[in-house]
Amino acid sequence: QMSNSSSITVFLLLAFADTRELQLLHFWLFLGFYLAALLGNGLIITAIACDHHLHTPMYFFLFTLAVLDLGSISTIVPKAMANTLWDTRAISYTGCAAQLFFFLFMVLGECSLLTVMAYDRYVAICKPLHYGTLLGSRACVHMAAAAWGSGFLNALLHTANTFSLPLCKGNAVDQFFCEVPQILKLSCSQSYLREAGVIVTTSCLVSGCFVFIVVSYVQIFRAVLRIPSEQGRRKAFSTCLPHLAVVSLYVSTGIFAYQKPSSISSPVLNLVVSFLYSVLPPAVNPLIYSMRNQELKDAL
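Starting afresh in each chain, residues are numbered from 1 along the sequence in its written order. Local features in this predicted model are restricted to residues of pLDDT 70 or higher, and side-chain atom pairs are both shown and tallied only at a pLDDT of 80 or more, whereas totals for entire chains, interfaces and linings draw on every residue. Remark: hydrogens and water are excluded; side-chain values derive from all non-hydrogen atoms of the structure.

**Points about the overall build of the chain**
For step 1, the next point in the chain: Strands are runs of DSSP state E lasting at least 2 residues, helices are runs of H or I lasting at least 4, and numbering of each runs from the N terminus. Looking only at helices and strands, the chain features 11 helices and two strands.
For step 2, the next point in the chain: Secondary structure elements of the chain occur, N-terminal to C-terminal, as β-α-α-β-α-α-α-α-α-α-α-α-α.
For step 3, the next point in the chain: Computation of the radius of gyration draws on C-alpha atoms alone. For the globule rule, the value is 2.2 Å times the number of residues to the power 0.38. Against the compact-globule benchmark of 19 Å for 300 residues, the chain has a radius of gyration of 21 Å, which places it among compact chains.
For step 4, the next point in the chain: Principal axes of the C-alpha set define a box for the chain whose edges measure 70 × 45 × 35 Å.
For step 5, the next point in the chain: Categorising residues by exposure relies on relative accessible area from a 1.4 Å probe, with only protein chains included: less than 20% of the type maximum marks a residue as buried, more than 50% marks it as exposed, and the intermediate range marks it as partly exposed. Among the 300 residues that make up the chain, the fraction classed as buried is 48%.
For step 6, the next point in the chain: Residues count as neighbours in contact if any of their non-hydrogen atoms are within 4.5 Å of one another. The contacts in the chain between residues at least 6 apart in sequence include a share of 76% that link residues at least 24 apart.
For step 7, the next point in the chain: Exposure was quantified through the Shrake-Rupley algorithm and a 1.4 Å probe, taking into account, for residues, occlusion by the shown protein chains and nothing else. Surface accessibility of the chain: about 14800 Å² in total, with carbon and sulfur atoms responsible for 69%.
For step 8, the next point in the chain: Asp and Glu count as negative and Lys and Arg as positive, but His and the ends of the chain are not part of the count. Here the site of a charge means atom NZ of a Lys, CZ of an Arg, CG of an Asp or CD of a Glu. For the chain, the distance from the average site of its 17 positive side-chain charges to the average site of its 13 negative ones is 9 Å.

The structure is reproduced here in structure tokens:
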């Protein structure tokens, strides 16, 4: 038993498998997803940066999303791959804190950014005449900065709070990367109240984002259904559906990971679910966005 957190210098992450064959299988699986995310997001970033036709608010936000996706998957996957390859479970105390901070920063930033993207679609479809004034280049930069800023502040709050708690239940983290709920399980029982406050503020941020997105889409669909031509309706839908698909993937995997009943909890299921919400979206988002998007395909 560890008496307090000051004596912990390393955390032990969850091992994927006991046998070498399975470990290597996990390594290749991770590598596949990581390369897919690097390639997909890298192509989107390059296409948008190099093609001046794509220098519009919608693509500026998509560019930012691709950067956040690359950041979030790079925070956890390379370390998991290295550990699997070298057959170790260790991550240093500072490494764990850094991983927790950057992952939260990227994921919460992405939550805010998806909200900004919903607003962009709303203005484009419901207030097309005001689009240039409401979403000028300065406004876009301010919105993206606000999204990054909210992610940064929330991540800072959580990381400072989580790592200032005394940890007295060993150093084995029940997850393949450092995550707030798993570190909290190692803390002494009285310290939950303070973190509960931070969790409530983050939940409010995420719920606020979600409500805003839903309200935007109700307005968007009402406007789209009023468009007289079928071609116009189809075009409007095709610009919104990728964003809606990404939001749904993000929300459903996140909710399932954190809200699933403990009765169906098992180490294997927990691992699959955490993989789904931490590794899958960054790898799949570029695919979702580029499949229906002719402008992006042409640029690529």
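Text resumes after the structure shown.
**A word on the packing of aromatic side chains**
For step 1, the next point in the chain: Here a pair means two rings of Phe, Tyr or Trp (six-membered ring of Trp) with centres within 6.5 Å. Their orientation is stacked below 30 degrees between planes, edge-to-face above 60, and tilted elsewhere. Tallied over the full model, the rule gives 20 aromatic pairs.
For step 2, the next point in the chain: Taking the centre distance of 5.4 Å and the plane angle of 55° together, the rings of Phe 30 and Phe 275 count as tilted. You can see Phe 30 sitting in helix H1 (residues 20–50) and its partner Phe 275 sitting in helix H9 (residues 267–278), a full 245 residues away along the chain.
For step 3, the next point in the chain: Residue Phe 275 is classed as buried on the basis of its relative accessible area, which comes to 13%.
For step 4, the next point in the chain: Through pairs of rings, three or more aromatic residues link up here, namely Phe 30, Phe 33, Phe 103, Phe 176, Phe 177, Phe 275 and Tyr 277.

**A closer look at the state of the cysteines**
For step 1, the next point in the chain: By convention in this document, the label disulfide applies to cysteine sulfur atom pairs within 2.5 Å. The full count for this structure, using the stated rule, is one disulfide.
For step 2, the next point in the chain: A sulfur-sulfur separation of 1.9 Å characterises the disulfide bridge that pairs Cys 96 with Cys 178. Because the torsion about its S-S bond is -115°, the bridge between Cys 96 and Cys 178 counts as left-handed. Taken together, the residues Cys 96 in helix H3 (residues 93–126) and Cys 178 in the loop between helix H5 (137–163) and helix H6 (180–184) connect sequence positions 82 residues apart. The pair Cys 96 / Cys 178 is uniform in exposure class, with both members buried.
For step 3, the next point in the chain: Looking at Cys 209, it has no disulfide partner, and the nearest cysteine sulfur is the one in Cys 111, 3.6 Å off.
For step 4, the next point in the chain: The class for Cys 209 is buried, based on a relative accessible area of 8%.
For step 5, the next point in the chain: Unpaired in terms of disulfides, Cys 240 finds its nearest cysteine sulfur in Cys 126, a separation of 8.6 Å.
For step 6, the next point in the chain: A residue is classified by how much of its surface remains accessible, and Cys 240, at 0% relative accessible area, is buried.

**So, the nonpolar core**
For step 1, the next point in the chain: Throughout, nonpolar core names a set of buried Ala, Val, Leu, Ile, Met, Phe, Trp, Tyr and Cys residues whose side chains join them through atoms within 4.5 Å. With 62 residues, the main nonpolar core has Phe 11, Phe 61, Leu 62, Leu 114, Met 117 and Ile 183 as its most contacted residues.
For step 2, the next point in the chain: Taken together, the elements giving at least two residues each to this core come down to H1, helix H2 (57–86), H3, H5, H6, helix H7 (192–225), helix H8 (230–259) and helix H10 (280–291).
For step 3, the next point in the chain: When residues in this core are grouped by element, the largest group, 17 residues, is from H3.
For step 4, the next point in the chain: If we ignore the near neighbours within four places in the chain, the residues touching Phe 61 are Leu 113, Val 116, Met 117, Asp 120, Leu 135, Cys 140, Met 143 and Ala 144.
For step 5, the next point in the chain: Ala 17, Phe 177, Tyr 277 and Val 279 belong to the second largest nonpolar core, which has 22 residues in total.

**Considerations on the packing of H1 against H2**
For step 1, the next point in the chain: One way to put it is that H1 packs onto H2 with a least axis distance of 9 Å and a crossing angle of 160°. Considered as vectors, H1 and H2 are oriented roughly antiparallel to each other. Where H1 crosses over H2, the handedness of that crossing is left-handed. Only the stretch in contact is used when a helix axis is fitted, and all axes are lines through C-alpha atoms; the angle between N-to-C directions ranges over 0 to 180 degrees. Here roughly perpendicular refers to angles of 65 to 115 degrees, roughly parallel to angles under 35, roughly antiparallel to angles over 145, and oblique to all remaining angles. Note: crossing handedness is left-handed where the near helix turns anticlockwise from the far helix by less than a right angle, and right-handed where it turns clockwise.

**Re the environment of Cys 140**
For step 1, the next point in the chain: Within the secondary structure layout, Cys 140 lies in helix H5.
For step 2, the next point in the chain: By relative accessible area, Cys 140 is classed as buried at 4%.
For step 3, the next point in the chain: It is 9.2 Å that separates the C-alpha atoms of Cys 140 and Asp 120, two residues lying 20 residues apart in sequence.
For step 4, the next point in the chain: Contact partners of Cys 140, with chain neighbours within four places excluded, come to Pro 57, Phe 60, Phe 61 and Leu 135.

**Some thoughts on the side chain of Asp 51**
For step 1, the next point in the chain: Here Asp 51 lies in the loop between H1 and H2.
For step 2, the next point in the chain: Despite its burial, Asp 51 pairs with no opposite charge, the nearest such side chain being Lys 297 at 15 Å.
For step 3, the next point in the chain: One polar contact links the side chain of Asp 51 to the main-chain amide nitrogen of His 53, over a distance of 2.8 Å. We define a salt bridge as a side-chain nitrogen of Lys or Arg found within 4 Å of a carboxyl oxygen belonging to Asp or Glu. Any pair of nitrogen or oxygen atoms within 3.5 Å is treated as a polar contact; in protein, a donor-acceptor pairing is required on top of that, and neighbouring residues in sequence qualify only through side-chain atoms on both sides.

**What to know about the UniProt feature "transmembrane region" (unreviewed entry) in the chain**
For step 1, the next point in the chain: The UniProt entry lists residues 27–50, 57–77, 97–119, 196–218, 239–258 and 264–284 under the feature "transmembrane region" (unreviewed entry), expressed in the numbering used here.
For step 2, the next point in the chain: Its end C-alpha atoms 33 Å apart, residues 97–119 is made of 100% helix and 0% strand. UniProt positions are given in the numbering used here, feature names are shortened, and annotations may be inferred rather than shown by experiment.

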